[in-house]
Amino acid sequence: MESLDVAENLSSLSGMVFKIDQNEYGLLMDQNGTGYLNDTNVTMDPNRTYYIFESVYPSTYSIPEIVVASVVVIMLMIVVVVGNMLVIIAIVTEKALKNVQNWFIASLAVADFFLGIIVMPFSLANELMGYWIFGDWWCDIHAALDVLLCTASIMNLCLIALDRYWSITQAVDYLKKRTPARAMVMIGFVWIFSGVICIPPLLGWKVKRVPERYPKCEVSVILKI
C-alpha cells in the first residue's frame, strides 16, 4: 500500500529528475512519498527507506515543457523551410529576380533551407531527450552538416553585407566588376571555406566516444580545470 501511495504522489513530480550517477537518472523519493531530492550533495537519513524511480529521458524537461518546446520549434522549422524554399523558387523562376545581386540571397536561402530540414529536427530531439539515439554514423554526419550550414549561412550574410556596402561606396566601379563569373567565385569561396571547416571531424579529429547507456553527440569539448 505504501509503494502505491508513493507512485501516486509521483504523478505531480513529472520532469523533476535526480541524477544518480553518470548513466542513471530518476526521482529519489523518501518512504512517505512526501518529498524528493534533486541534488547529489544532500544528507539522507539512514533510518529511512528511499525509492528511485527512473524517468523516461535523462533530460531535465517536464512533459509540458517538452510539448511546448516541440510545438514552438516545429512551427519555427516549418517557417524556415517553407520561407526559404519560396525565396529559392522565386529567384529561380521569376525573370525580374534573376540578377547577380539576388544570387547571394539565394545562396543564403539554400543554407538556411537545409539547416531547417536536416539539422534542426535531430538537434531538437537530442535536446529534449538529453541524449543521442541516432547512432555514431549519423552523429558525425549531423555534426558536419551543422557546422557546414551554420558557417555558410553566416558567411553568406557577410557576403550580402559586403555587396551592399560596395554597391553604395563604389557604385559605378563595383557594379562594373560584379559580373556573374565573379559572383559565382565569391559564392563558391563561401561554400568551400565552410566545407573545409566541417571536414576535420569526419577525418577523425573529434571526441572519442565510449559505449554508454545515454550517448552524447559531441564534436569537441572544452576541458574544465
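Because the structure is a prediction, the values reported are computed rather than measured.

Focus on the overall build of the protein chain
Counting secondary structure elements, the protein chain contains six helices and four strands. Each helix and strand of the protein chain, ordered N terminal to C terminal, gives the series α-β-β-β-β-α-α-α-α-α. Split into buried and exposed, the 225 residues of the protein chain put 31% on the buried side. Sequence separation of 24 or more characterises 64% of the internal contacts of the protein chain that already satisfy a separation of 6 or more. Of the roughly 14400 Å² of accessible surface on the protein chain, a fraction of 67% belongs to carbon and sulfur atoms.

Quick look at the packing of aromatic side chains
The tally for this structure, following the rule as stated, stands at seven aromatic pairs. Between the aromatic rings of Phe 122 and Phe 134, the centroid separation amounts to 4.9 Å while the plane-to-plane angle is 85 degrees, which identifies the pairing as edge-to-face. Residue Phe 122 is found in helix H3 (residues 100–129), and its partner Phe 134 is found in the loop between H3 and helix H4 (135–169); the two are separated by 12 residues along the sequence. Taking 5.0 Å as the distance between ring centres and 75 degrees as the angle between the ring planes, the aromatic pair formed by Trp 132 and Phe 134 counts as edge-to-face. Joined through ring pairs, the aromatic side chains of Phe 122, Trp 132, Phe 134, Trp 137 and Trp 138 make up one cluster.

Regarding the pattern of salt bridges
Close approach of charged atoms allows side chains with opposite charge to pair. All chains considered together, the criterion is met by two salt bridges. Asp 163 serves as the salt-bridge partner of Arg 164, at 2.9 Å between the closest nitrogen and oxygen. The partly exposed category is assigned to Arg 164, whose relative accessible area is 30%. According to the relative accessible area criterion, Asp 163 is buried, its value standing at 0%. Close ionic contact of Asp 163 with Arg 178 constitutes a salt bridge, the shortest N to O distance being 2.9 Å. A residue pair is termed long-range when its members are at least 10 positions apart, and Asp 163 in helix H4 and Arg 178 in the loop between helix H5 (171–177) and helix H6 (180–202) qualify at 15 residues. Of the residues examined, Arg 178 reaches a relative accessible area of 15% and is grouped as buried. Through salt bridges that share partners, Asp 163, Arg 164 and Arg 178 make up one connected network.

Some thoughts on the UniProt feature "transmembrane region" (unreviewed entry) in the protein chain
When the UniProt feature table is mapped onto this chain numbering, "transmembrane region" (unreviewed entry) sits at residues 66–91, 103–123, 143–162 and 183–203. Summarising residues 66–91: 100% helix, 0% strand, and an end-to-end C-alpha distance of 37 Å. Taken end to end, residues 103–123 comprises 100% helix and 0% strand; its first and last C-alpha atoms sit 29 Å apart.

Details of the nonpolar core
Judged by nonpolar contacts, Val 100, Phe 104, Leu 108, Leu 159, Ile 160, Ala 183, Met 186, Ile 187 and Val 190 together constitute the single largest core of nine residues. No other element matches the four residues that H6 contributes to this core. Discounting chain neighbours no more than four positions away, the residues touching Ala 183 are Val 100, Trp 103 and Phe 104.

Structural notes on the confidence of the model for the protein chain
Per-residue pLDDT for the protein chain averages 78, and the proportion of residues at 70 or more is 69%. Predicted confidence for residues 29–41 stays below pLDDT 50, and this span has 39 contacts to residues more than four positions away or in other chains.

Here's the deal with the environment of Val 119
Looking at the element boundaries, Val 119 is found in helix H3. Placed 26 residues apart in sequence, Val 119 and Leu 145 show a C-alpha to C-alpha distance of 7.1 Å. Residues contacting Val 119, with those up to four places away along its chain left out, are Phe 114, His 142, Leu 145, Asp 146 and Leu 149.

So, how was this worked out
- Residues numbered from 1 in each chain as written.
- Predicted model: local features only at pLDDT ≥ 70, side-chain atom pairs only at ≥ 80, totals over all residues.
- Heavy atoms only, no water.
- Helix = DSSP H or I, 4+ residues; strand = E, 2+ residues; numbered from the N terminus.
- Buried < 20%, exposed > 50% of the residue type's maximum accessible area, 1.4 Å probe, protein only.
- Contact = heavy atoms within 4.5 Å.
- Areas by Shrake-Rupley, 256 points an atom, 1.4 Å probe, with all protein chains shown as cover.
- Phe/Tyr/Trp six-rings, centres within 6.5 Å; stacked < 30°, edge-to-face > 60°.
- Salt bridge = Lys/Arg side-chain N within 4 Å of Asp/Glu carboxyl O.
- UniProt positions renumbered as here; feature names shortened; annotations may be inferred.
- Core = buried A, V, L, I, M, F, W, Y, C linked by side-chain atoms within 4.5 Å.
- pLDDT = per-residue confidence, 0-100.

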